[in-house]
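# Results of the structural survey
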Amino acid sequence: MTVITTVKDLEAALAEVRKEGKKTGLVPTMGALHAGHASLVKRCVEENDVTVVSVFVNPTQFNDKNDLASYPRTLDADVALLDKYGADIVFAPSADEIYPEPDTRRFSYPPVDTVMEGARRPGHFNGVCQIVSKLFYMVSPDRAYFGEKDFQQIAVVRAMVRDLKLPVELRPCPIVREESGLALSSRNTLLTDDERHTAAAIHAVLGESVAMRETCSVDEIRAFVVERLNAIEGLEVEYFQIVDAETLQPVGTWTEASGIVGCITVYCGSRPVRLIDNVRYK
Ligand code: PAF
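Residues numbered from 1 in each chain as written. Predicted model: local features only at pLDDT ≥ 70, side-chain atom pairs only at ≥ 80, totals over all residues. Heavy atoms only, no water.

### A closer look at the overall build of the chain
The secondary structure content of the chain amounts to 10 helices and nine strands. Computed over the C-alpha atoms, the radius of gyration of the chain is 19 Å, within 12% of the 19 Å expected from 2.2 N^0.38 for a compact globule of 282 residues. The principal-axis extent of the C-alpha atoms belonging to the chain is close to 60 × 40 × 35 Å. Taking all 282 residues of the chain together, the buried fraction comes to 54%. Contacts in the chain between residues at least 24 apart in sequence constitute 71% of all its contacts with a sequence separation of at least 6. (Helix = DSSP H or I, 4+ residues; strand = E, 2+ residues; numbered from the N terminus. Rg over C-alpha atoms; globule rule 2.2 N^0.38 Å. Buried < 20%, exposed > 50% of the residue type's maximum accessible area, 1.4 Å probe, protein only. Contact = heavy atoms within 4.5 Å.)

### Details of the sheet that holds strand β3 (residues 50-55)
With respect to topology, six strands assemble into an open sheet ordered β1-β4-β3-β2-β5-β6, the strand pairing being parallel. The open sheet terminates on both sides in strands that have one partner only, identified here as β1 (2-4) and β6 (169-173). Taken pair by pair, the neighbouring strands of this sheet meet at an average axis angle of 25 degrees, ignoring direction. As paired strands, β1 and strand β4 (residues 89-91) are joined by three bridges and run parallel to one another. Looking at β4, one finds that T2 is bridged to I89. Along the sheet face, helix α4 (residues 75-84) touches β1, β3 and β4 and points at about 165 degrees away from the line of β3. Here helix α7 (residues 124-139) sits on the sheet in contact with β2 (24-29), β3, β4, β5 (143-147) and β6, set at roughly 150 degrees to β2. (Pairing = 2+ DSSP bridges. Axes fitted to C-alpha atoms, helices over the stretch in contact; angles between N-to-C directions.)

### What to know about the packing of α7 against helix α8 (residues 151-164)
The angle between the axes and the distance between the axes are what describe a pair of packed helices. As a packed pair, α7 and α8 sit with axes 10 Å apart at the nearest point and diverge in direction by 55 degrees. Relative to α8, α7 is oriented oblique. When you trace α7 past α8, the crossing you get is right-handed. Together, F125, V128, C129, V132, S133, F136 and Y137 of α7 and Q152, Q153, V156, V157, M160, V161 and L164 of α8 make up the contact between the two elements. For the contact of α7 with α8, the per-class residue count stands at 11 nonpolar, three polar and no charged. (Parallel < 35°, antiparallel > 145°, perpendicular 65-115°, else oblique. Left-handed = near helix turned anticlockwise from the far one by under 90°. Nonpolar A, V, L, I, M, F, W, Y, C, P; charged D, E, K, R; others polar.)

### A word on the site of the ligand
Lining the immediate surroundings of the ligand are P28, T29, M30, N58, Q61, I131, F146, D150 and Q153. In this structure, Q61 approaches the ligand through a side-chain N or O atom, which is 2.6 Å from an oxygen atom. At 2.7 Å, a side-chain N or O of Q153 approaches an oxygen atom of the ligand. Protein burial of the ligand: of its 290 Å² of free accessible surface, 88% is covered by the chains. (Near = heavy atom within 4 Å. Polar contact = N/O pair within 3.5 Å; in protein donor to acceptor, adjacent residues only side chain to side chain. Areas by Shrake-Rupley, 256 points an atom, 1.4 Å probe, with all protein chains shown as cover.)

### Description of the packing of aromatic side chains
Throughout the structure, instances matching the rule amount to three aromatic pairs. Plain terms: the ring middles of F56 and Y99 are 6.4 Å apart, the flat faces sit at 45 degrees to each other, and that makes the pair tilted. Here Y99 lies in the loop between α5 (95-98) and α6 (117-120) and F56 lies in the loop between β3 and α3 (65-70), a separation of 43 residues in the sequence. Residue classification places F56 among the buried positions, given a relative accessible area of 7%. (Phe/Tyr/Trp six-rings, centres within 6.5 Å; stacked < 30°, edge-to-face > 60°.)

### Some thoughts on the packing of helix α9 (residues 193-211) against helix α10 (residues 218-230)
Packing of α9 against α10 leaves a shortest axis separation of 10 Å and a crossing angle of 155 degrees. It follows from the interaxial angle that α9 and α10 lie roughly antiparallel. Considering the relative orientation of α9 and α10, their crossing is right-handed. Along the contact surface, α9 presents A201, I202, V205, L206, E208 and S209, while α10 presents I221, F224, V225, R228 and L229. Taken together, the residues of the contact of α9 with α10 break down into eight nonpolar, one polar and two charged.

Here it is in structure tokens:
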């Protein structure tokens, strides 16, 4: 496995790969890797000849400076994990390498980027599109792997790939969870043990709500999830929306769309840590 920090070295390494006609997979990450990332890397290694993993805490997608500053950075451990899971190239550039000039491109993909995270984190998806498009141009992957925990991110990246006609196949991968049910996230390292235990209720309550789908309306389920989680000390729901899995627009009935997903963001603990998760209703 090679660790590369410059675009020039990345291009040189990939020129060889392309000459040999090998298929390349990309796993974009912001580091602080965990078993969720490992599952993406594992799948990428299975499906491609060459696996590139980017490790870059992208400043342009953070609308909160404190959030950017406190984002965990664990490059040595990340490199060890990637070696273990068979990645071929780790691309870990500096911010100046990626943004030698400020990126003035603007990406806008309504309606999928205006709701939920898009409404609450102004500029977030613009930053995600800036970095992901740059990585797609630099690596030219045949396939790219994204975790379904960030359900909306996948919808926005899909819209961008369609818009820019990028020749890459997106491979969404299932959420990986702790034994307690808590969705794995780099942010979980910011939780105390007690908070981690409390946060497990998010998945448990979402699971209960799926079981109620046959007998309850969309509004009833939405109210149930929010009330149940807000009643737990240390948790505060920022939003819970039940949406069409394609357009991400809220649905009023279970028959309104062929795919329906519940997307939630919850603040946990005293810091507090912002956790996201989702559940499929159909
Ligand atoms: O999901 C993430 O970790 C990031 O948003 C991504 C896709 C690596 C872009 O910085």
